[in-house]
Every structure is written in structure tokens, then in C-alpha cells.
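Observations on the model geometry
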Amino acid sequence: METGMFLLPLIAGTGKMGAISINFNLGVSTPNRKVGGVARAFQSTNPPLDVHFDVNGDFTYMTVMPQNTHILVVLEGNNEFKGRIVLESNWQSGTGSFSFIDNSGKRHSLENVPVKLAQVNQPQAAKAN
């Protein structure tokens, strides 16, 4: 279990060609049980989908049996964005359901799609000569 404040980059979607994916860059405050950040929904279609959201919400630990804890993250944002993510206790993977309205006014929904920790490239320190 993480303690304090940490960054949580996630990607949600099936990964199938032409499917909607949502990238999240979230900050998590465990003392306050708050989550906030930005999200981007995109899809390689014609016309392409590319919608950005400011998201905020909270999380709670759900323990149903000893040694079986999950984390429920509930998010809301602009463009009527709503999301519910259930993560494993290590914050690394889970499933999520999302809905939002795109820039043309069309509603999109994703149900029970995989969610996983996104790979973030860290800047490399310059080597001394």
C-alpha cells in the first residue's frame, strides 16, 4: 500500500486496432484519499477521436476477505466524463468503465476494459565526459 502523494500513469482500453484508449496522468493523495489529474481519450479512426479531460475524484480500499484488497477509484470531469476503476492492491492493474461526450456531442462508453500502469520514460542524466 502506497503512503503519501504519488503519480499514477494509467492506460485503459483493449489495445485492439481502432478501439478507444484513455491515458490518465493522475496524482494520488493517500492521506486525503483524493485523486486528480488529466485524461486523454483517443481513437485511430476517421475522423480521429482526441478529447482531453480534467478529472478529480476519490478512492477507497475494498477488502472482502483477508489478503484480498482492491482499490476503487471514482473520477468525474469535464465533457461529462465519468469513470470507475477497480485496481489491484498494488495499483498496477485492474478494470474500468468510462463514459464521456466528445467534442461533436456524441456519447462514448467503455465497459469493463483492462486498465494497467502506463510505461513512463524517465529522462536520463547526462553523462560526464
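As a starting point, this report considers the structure included with it.

Analysis parameters
- Residues numbered from 1 in each chain as written.
- Predicted model: local features only at pLDDT ≥ 70, side-chain atom pairs only at ≥ 80, totals over all residues.
- Heavy atoms only, no water.
- Helix = DSSP H or I, 4+ residues; strand = E, 2+ residues; numbered from the N terminus.
- Buried < 20%, exposed > 50% of the residue type's maximum accessible area, 1.4 Å probe, protein only.
- Contact = heavy atoms within 4.5 Å.
- Areas by Shrake-Rupley, 256 points an atom, 1.4 Å probe, with all protein chains shown as cover.
- Salt bridge = Lys/Arg side-chain N within 4 Å of Asp/Glu carboxyl O.
- Pairing = 2+ DSSP bridges.
- Axes fitted to C-alpha atoms, helices over the stretch in contact; angles between N-to-C directions.
- Polar contact = N/O pair within 3.5 Å; in protein donor to acceptor, adjacent residues only side chain to side chain.
- Core = buried A, V, L, I, M, F, W, Y, C linked by side-chain atoms within 4.5 Å.

Secondary structure summary: the chain contains zero helices and eight strands in total. N-terminal to C-terminal, the α/β element order of the chain is β-β-β-β-β-β-β-β. On the principal axes, the C-alpha backbone points of the chain span a range of 55 × 45 × 25 Å. Residues counted as buried form 35% of the 129 residues belonging to the chain. Within the chain, counting contacts between residues at least 6 apart in sequence, those at least 24 apart form 34% of the total. Entry remark: accessible area of the chain is about 8200 Å², with carbon and sulfur atoms responsible for 51%.

Counted under the stated rule, the structure contains three salt bridges. One salt bridge connects Glu 76 with Lys 82, and the closest N-O pair in it is separated by 3.9 Å. Lys 82 gets classed as partly exposed once you look at its relative accessible area, which sits at 46%. A salt bridge links Arg 107 to Glu 80; its shortest N-O distance comes to 2.7 Å. Here Arg 107 is found in strand E8 (residues 107–117), whereas its partner Glu 80 is found in the loop between strand E5 (68–77) and strand E6 (81–88), with 27 residues between them in sequence.

The next subject is the sheet that holds strand E3 (residues 34–43). Pairing is antiparallel in the closed barrel, where eight strands are placed in the order E1-E2-E3-E4-E5-E6-E7-E8. Each strand axis lies, on average, 25 degrees off the axis of its neighbour in the sheet, ignoring direction. Sheet topology note: the E5/E6 ladder contains eight bridges and is antiparallel. Its bridge partner being in E6, Val 73 is matched across the sheet by Ile 85.

Turning next to the side chain of Ser 29. Within the fold, Ser 29 resides in strand E2 (residues 21–29). By relative accessible area, which is 13% here, Ser 29 ends up buried. Of the polar contacts made by the side chain of Ser 29, one reaches the side chain of Asn 32; its length is 3.3 Å. Those residues within four positions of Ser 29 in sequence are excluded, and the remaining contacts are Gly 4, Met 5, Lys 34 and Phe 59.

Moving on: the nonpolar core. One finds Ile 22, Phe 24, Phe 98 and Phe 100 to be the most contacted residues of the largest nonpolar core, which totals 29 residues. At the level of elements, strand E1 (5–12), E2, E3, strand E4 (49–65), E5, E6, strand E7 (93–101) and E8 are the ones that each hand at least two residues to this core. In terms of residue count, E4 provides more of this core than any other element does, five residues in total. Apart from the residues lying within four places of it in its own chain, the contact partners of Ile 22 are Leu 10, Ile 11, Ala 12, Ala 39, Arg 40, Ala 41, Phe 81, Phe 98, Phe 100 and Leu 110.

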